[in-house]
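Listed below, chain by chain, are the residues.
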Amino acid sequence: MGRLDGRVALVTGAGRGHGKAVAIRFAEEGAAVAVCDILPVDELDGSVGERIRAAGAESLCSQTDVSKEEQVRKLVQQTIDRFGTIDILVNVVGIAGPTKDVWQMSLEEWRETLAVNLDSAFLGCKYALPEMIRKRRGRVINFSSGTGKQPLSHRTPYATSKMGILGFTRTLAADVGRYNITVNAICPGSHEERGVELERARAEYREEPFDEEAVRNRYREPRPNAVLAGRWCGDEGFVEKGAGSEEAAAIALFLASDDAASMTGQDINSGGWVMW
Ligand SMILES: NC(=O)c1ccc[n+]([C@@H]2O[C@H](COP(=O)([O-])OP(=O)(O)OC[C@H]3O[C@@H](n4cnc5c(N)ncnc54)[C@H](O)[C@@H]3O)[C@@H](O)[C@H]2O)c1
């Protein structure tokens, strides 16, 4: 018996990384899973749809830009049309945004990051919540970041959006608790591809050489010395093995499961970068 048997989940940004891991984990636990990404449907189906079906679950793959209202409305409707309902919404999508200072950034760059990272969560909830309210049951899980709780230099739009996700999560939790709907956030760790992209952007900002192999090795090699007393939020965090997509998916599974029925308005950290 799976922990999500009979449930229907919608996971955004499931083409790779944390979203992909969440979709597959949910499928392994018995949920029918709708996934979306900006990637073409064939690519999404090849990367994650097939894995969902291989786990014995039903899948629905859509090419959706989650910052666009009409596309999100359609995505939610398609999910309900296909599976009859929606029980769990996981707003995973988040772009890194520019690595620039405010005075060098265009308003367009600022707005794009907020639209993809914050409007997407609003839109997913706007269209999925009526079905959850109708059933008097639902789970919303929003992906924030350790950067939702502390600054990340030269990345103001990203930090603002991730801090905004926490405010959105807490306030929405207060508003929908009476409908037996919980709303929680995950502040996950990093996976290799995203880590490489971010370190590259940081090196470019600093006009320093970029050593891709060294960054990749950080994800591949055990880090027995990661736990150092007194370290200030080291890039590696405070757990020995780091915390990537599988760990984020495990937290999402818990929040989606019956075990987390009494948890709402919370933000759960993975990886030990932050401890509050
Ligand atoms: N990986 C990390 O280092 C890290 C750390 C902290 C928080 N997070 C957060 O976790 C979430 C997942 O991160 P990740 O690193 O797995 O992401 P990722 O960059 O690996 O994957 C994101 C996916 O979202 C898709 N996407 C991008 N824009 C989209 C849009 N407008 N509409 C639909 N799909 C879109 C991409 O094509 C991609 O497949 C994000 O919200 C991110 O901010 C990640």
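Residues numbered from 1 in each chain as written. Predicted model: local features only at pLDDT ≥ 70, side-chain atom pairs only at ≥ 80, totals over all residues.

To continue, consider the overall build of the chain. Looking only at helices and strands, one finds 8 helices and 7 strands in the chain. At 18 Å, the chain has a C-alpha radius of gyration in line with the 19 Å of a compact globule built from 276 residues. In terms of overall dimensions, the chain has C-alpha extents of about 50 × 40 × 40 Å along its principal axes. Residues classed as buried in the chain amount to 44% of the 276 residues present. Here the contacts in the chain between residues at least 6 apart in sequence split such that 71% fall between residues at least 24 apart. (Helix = DSSP H or I, 4+ residues; strand = E, 2+ residues; numbered from the N terminus. Rg over C-alpha atoms; globule rule 2.2 N^0.38 Å. Buried ≥ 20, exposed ≤ 12 C-beta atoms within 10 Å, placed from the backbone. Contact = placed C-beta atoms within 7 Å.)

The next subject is the site of the ligand. In the vicinity of the ligand lie 28 residues, with G13, G15, G17, G94 and S190 positioned nearest. Of all the elements in the fold, those that place two or more residues in the shell around the ligand are α1 (17–28), β2 (32–37) and α6 (192–206). By residue class, the composition of the shell around the ligand is 10 nonpolar, 13 polar and 5 charged. (Near = placed C-beta within 6 Å. Nonpolar A, V, L, I, M, F, W, Y, C, P; charged D, E, K, R; others polar.)

Right, let's get into the sheet that holds strand β6 (residues 181–187). Pairing in this open sheet of 7 strands is parallel, and the strands run β3-β2-β1-β4-β5-β6-β7 from one edge to the other. A single partner strand is all that each edge strand has here, and the edge strands are β3 (59–63) and β7 (267–269). Along the sheet, successive strands turn relative to each other by an average axial angle of 15°, direction set aside. Looking at chain direction, β6 and β7 are connected through 3 bridges and run parallel. Paired with A185 across the strands is D267, a residue of β7. Here α1 sits on the sheet in contact with β1 (8–12), β2, β4 (88–91) and β5 (138–143), set at roughly 170° to β1. Across the sheet, helix α3 (residues 69–83) lies against β1, β2 and β3, angled at about 160° from β3, the strand it touches most. (Pairing = 2+ DSSP bridges. Axes fitted to C-alpha atoms, helices over the stretch in contact; angles between N-to-C directions.)

Attention now moves to α3. Over its 15 residues, α3 extends 21 Å from the first C-alpha to the last, a length consistent with the 21 Å expected when each residue adds 1.5 Å. Among the residues making up α3, those that are buried are V72, L75, V76 and T79. End-on, the buried residues of α3 take up no more than an arc of 90°, which puts them together on one face. Exposed and facing more than 90 degrees away from the buried side of α3 are E70 and D81. Each element contacted by the buried residues of α3 is listed here: β1, β2, β3 and α4 (107–135). Within two residues after α3, G84 carries a phi angle of roughly 90°, on the positive side. (Expected span 1.5 Å × (residues − 1). Arc of directions from axis to C-beta.)

Turning next to the environment of V48. Note on placement: V48 falls in helix α2 (residues 41–54). By C-beta crowding, V48 is classed as buried, having 27 other C-beta atoms within 10 Å. Taking the C-alpha atoms as reference points, V48 and R73, separated by 25 residues in sequence, lie 22 Å from one another. Here V48 is in contact with A14, G15, K20, A23, I24 and V35, once residues within four sequence places are set aside.

We now examine the confidence of the model for the chain. For the chain, per-residue confidence averages 92 on the pLDDT scale, and 92% of positions sit at 70 or higher. The secondary structure element of the chain with the lowest average pLDDT is helix α7 (residues 212–220), at 86, and the one with the highest is β4, at 99. Ignoring residues within four places in sequence, the model shows residues 225–234, a span with pLDDT below 50, making 9 contacts including any to other chains. (pLDDT = per-residue confidence, 0-100.)

So, about the pairing of β3. Pairing analysis gives 5 bridges linking β2 to β3, with the strands arranged parallel. Bridge pairing links V33 to S59 in β3.

Turning next to unusual backbone geometry. For R136, which is not glycine, the phi torsion reads 60° and is therefore positive. Note on placement: R136 falls in the loop between α4 and β5. On the basis of neighbour counts, which here come to 10 C-beta atoms within 10 Å, the residue R136 falls in the exposed class. In this model, E207 sits at a positive phi of 55°, which is unusual for a non-glycine residue. Take E207: it is sitting in the loop between α6 and α7. Classification of E207 by C-beta neighbours within 10 Å gives exposed; the count is 6.

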